[in-house]
Amino acid sequence: MASLQDISVSAAINIITAIAFLVAFAILRLQPINDRVYFPKWYLKGIRGSPTRSGGFVSTFVNLDFRTYIRFLNWMPAALRMPELELINHAGLDSAAYIRIYLLGLKIFVPITFLAFTVLVPVNWTGETLETIKDVTFSNIDKLSISNVPSGSQRFWAHLVMAYVFTFWTFYILYREYKLMTNMRLQFLASEDRRPDQFTVLVRNVPPDSDESVSEHVEHFFCVNHPDYYLTHQVVYNANKLAKLVEKKKSLQNWYIYYQNKYERNPSKKPTTKTGFWGLWGTRVDAIDHYAAEIEKLTEEEQAERERVISDPKAIIPAAFVSFKSRWGAAVCAQTQQTSNPTIWLTEWAPEPRDVYWDNLAIPYVELTIRRLLMAVSLFFLTFFFMIPIAFVQSLANIEGIEKVLPFLKPLIERKGVKSLIQGFLPGIALKIFLILLPTILMTMSKIEGFTSLSSLERRSAGKYHLFVLVNVFLGSIITGTAFQQLKSFLHQAPTEIPITAGVSIPMKATFFITYIMVDGWAGIAAEILRLVPLVMFHLKNTFLVKTEKDREQAMDPGCLGFATSEPRIQLYFLLGFVYSVITPVLLPFIIVFFAFAYMVFRHQVINVYNQKYESAAAFWPDVHWRLIIGMVISQLLLMGLLSTKEAANSTPFLIVLPILTIWFHIFCKGRFESAFVKFPLQDAMVRDTLERATEPNLNLKAYLQDAYVHPVFRGGELEKPAVIDEEENNPLVPTKRTSHRSSKYGSDCSSDAGI
């Protein structure tokens, strides 16, 4: 059990680390040579250029104006100065909505912390119960928790009343925020510039037709069923192999440029490399000639594969991006069922072109259910087996418990400074290290499931990560931590006493989570703004690969918010706040520091650094709201279980009401707001279409949409383009290669039910 001294050591280490990161960032960002690392967003927008300074050669690398160092912390007020509307125009609604999650944490927990310290902390401190319980390890911090209140005490009514107050305050804030985000989304969609996805629908599971190709079948179906609004379409090619060849060629070209630059710097010695794996073994050859030959060979393979994809009918998969003449026509198609068979001609809003994950469009639709089932089973086993390292991490957090079971380690552990370091710092950093590879694993699982957009992949991965954090990091830390911490007590007491010991022990895990918050939420956020890895990578690329300004721009790595990992991490802090607001309020100030610090840091990053890969208009907000509801329900159930061990049976009927109210509140908000995040109102679509026709009567929409959804490896190449239906054409007959079906009462659209 970490003591107050251990927490102080951890706080000192993490505060010093965070300050060191912030000072390093404040100095590094002022250097001209690092300008593209810390302000890449402005370069990508074309607003900022390479800094020019007088003062000779040195000034191009080092800022010699010492007056700027006096104001080295001016980035903090600058990050808060930009108004939200300007921030949305600058970075998009996704970024603005993400930042509001941190602001939401401050709105919820600042008043809760004030009330908890005013009411609950004095009630807990004066309980004076822990000293009377044998075989329970505790520290002075635990005296501020509910564990210090005697069983059956009337003091628990204070906790019950505060639980209701905290719950209704959270309801109020969540409702206001959901309503605000709904209005912001609708306003953003109504005011944003024209985008291809506003007119385009993704159609999947196109049924086979013996008389027509996929392209002809798609055109025929939509000419018949959407005759007034269908404009054009783009079939989807399985170009995954071609894309890998293109990517491999880019890698070889980077190596070719690297060795060419190396030779130009030292013409007296030609660079060499080995032909084996990563150049570690094999025959030593001339590096420039070797990579030139490899690039030429790969170019031939790429051209052959490109021709095969274009000419092979099997390379066309049963899916297409179908574009319409108006937003209204696209909305009707995307939000309705196309045939009586609900398994074919499946339509959904197309992702914006930069949001499309092309690899998964080639997955046959019938495989998706099987893939998702397999990944669900894999997630279960991954979550289960990850409990082993989590249990090991918790063993580091409970030295007193280890000493009782393994007394021979006591001389080492009790050395000066070792105990405080192990209990106050190592558990949090060890847990963070264990979680490093997890996001990559979960994203790979989401890709296997077959989602077709980067935004849906990130939302799906975020859901997995949230479940993992909930089960392993939170529940796993409590369960395994309690087992290690009270192992001796469990082995020597009567079975009827075990629930009481567990009920007392769970609040004591607050000390572990305090250390984790300081490692991950203080030092971790400070490391985020330093951008050490992008800084090193940029200078390596700038030194060995960059020849032109375009190369230098490509060497920048602005990164993005990483919703799949960062949002579930925020949810852990919300969960800890909900759970411990009544049980151990001393944890709340650490959470508030995290939310305030992260709000400022990520606002700066969004303004100056991150360049989002896509814009979903805050489509993730219903997921954020739902996970907050989950956190509230878990906190209420844990409080109910805890009070049941404290002989406070009279409070149980009152506590049962809380999760019921919380679930009802979620259902109410879901019905009130969620539709705005999954559907586009036809009224709004018609308003935008009417306004656009009035202001741009000569708009050539077909030319605007022509190449929007062409696979990136074909951009600028030759692909078969479907003919556009002339808007002035009044001929009601639809051209088709299908054999006549005059004997059929269903006419030309009978094939839409193929495969029933």
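Let us look at the structure shown here. What you are looking at is a predicted structure, and each value in this text was computed from that prediction instead of being measured.

Re the environment of Ile660
Right, on to step 1. Following the sequence through the fold, Ile660 ends up in helix 30 (residues 652-673).
Right, on to step 2. Along the primary structure Ile660 and Val633 are separated by 27 residues, whereas in three dimensions their C-alpha atoms are 8.7 Å apart.

Describing the nonpolar core
Right, on to step 1. Within the largest apolar cluster, 133 residues are counted, with the highest numbers of intra-cluster contacts made by Phe109, Phe574 and Phe595.
Right, on to step 2. Top element by residues in this core is helix 7 (residues 93-125). It accounts for 15 residues.
Right, on to step 3. Excluding residues within four positions of it along the chain, Phe595 makes contact with Ile101, Tyr102, Gly105, Leu106, Phe109, Ile570, Tyr573 and Phe574.
Right, on to step 4. By size, the runner-up hydrophobic cluster in this structure holds 16 residues, among which are Val201, Cys223, Val322 and Trp345.

Regarding the packing of helix 10 (residues 240-265) against helix 11 (residues 287-311)
Right, on to step 1. As a packed pair, helix 10 and helix 11 sit with axes 9 Å apart at the nearest point and diverge in direction by 160 degrees. The pairing of helix 10 with helix 11 is recorded here as roughly antiparallel in orientation. Crossing of helix 10 over helix 11 shows left-handed handedness.
Right, on to step 2. Its residues assigned to classes, the contact of helix 10 with helix 11 comprises 14 nonpolar, 3 polar and 8 charged.

Points about the sheet that holds strand 2 (residues 230-237)
Right, on to step 1. Judged by pairing direction, the sheet is antiparallel, and its 4 strands sit side by side in the order 2-5-1-6 without closing on themselves. At either margin of the open sheet sits one strand with a lone partner, and together these are strand 2 and strand 6 (346-349). When the angles between neighbouring strand axes are averaged without regard to direction, this sheet yields 30 degrees.

Side note on empty space enclosed by the protein
Right, on to step 1. Inspection of the entire model under this criterion finds 9 cavities of 30 Å³ or more.
Right, on to step 2. As a volume, the largest cavity reaches approximately 150 Å³.
Right, on to step 3. Together, 14 residues line the largest cavity, and Ala163, Thr167, Phe578, Ser581 and Ser635 are the ones closest to its centre.
Right, on to step 4. If you list the elements that add at least two residues to the lining of the largest cavity, you get helix 8 (156-191), helix 27 (563-583) and helix 29 (621-644).
Right, on to step 5. Broken down by element, the lining of the largest cavity gets its largest block of residues, 5 residues, from helix 8.
Right, on to step 6. Taken as a whole, the second largest cavity encloses approximately 70 Å³ of empty space.

Criteria and thresholds
Every chain begins its residue count from 1, and numbering advances along the sequence as written. Local features in this predicted model are restricted to residues of pLDDT 70 or higher, and side-chain atom pairs are both shown and tallied only at a pLDDT of 80 or more, whereas totals for entire chains, interfaces and linings draw on every residue. To obtain the side-chain values, all non-hydrogen atoms of the structure were used and water was disregarded. Secondary structure elements are defined from DSSP: runs of H or I of at least 4 residues count as helices, runs of E of at least 2 residues count as strands, and each element is numbered from the N terminus. What is meant by a nonpolar core is a set of buried Ala, Val, Leu, Ile, Met, Phe, Trp, Tyr and Cys residues, joined one to another through side-chain atoms within 4.5 Å. Think of it in three bands: with a 1.4 Å probe and only protein chains considered, a residue is buried below 20% of the maximum accessible area for its type, exposed above 50%, and partly exposed in between. By definition, residues are in contact when any of their heavy atoms lie within 4.5 Å. Structural elements are reduced to axes, namely lines fitted to C-alpha atoms, with helices fitted over the stretch in contact, and the angle between N-to-C directions of any two is expressed from 0 to 180 degrees. The scheme is simple: roughly parallel for angles under 35 degrees, roughly antiparallel for over 145, roughly perpendicular for 65 to 115, oblique for anything else. The handedness criterion is simple: a crossing whose near helix is rotated anticlockwise from the far helix by less than a right angle is left-handed, and one whose near helix is rotated clockwise is right-handed. When residues are grouped by polarity, Ala, Val, Leu, Ile, Met, Phe, Trp, Tyr, Cys and Pro land in nonpolar, Asp, Glu, Lys and Arg in charged, and all others, Gly among them, in polar. Pairing between strands is defined by DSSP: at least two bridges between the two strands are required. Only protein atoms enter the calculation, which uses a 1 Å grid: trapped sets of points that fit a 1.4 Å probe without letting it out are cavities, open sets showing protein on both sides within 12 Å along at least five of seven lines are pockets, and any residue with an atom within 4 Å of a point is a lining residue. Grid points are joined across faces, edges and corners, and a volume is the space filled by probe spheres set on the points.

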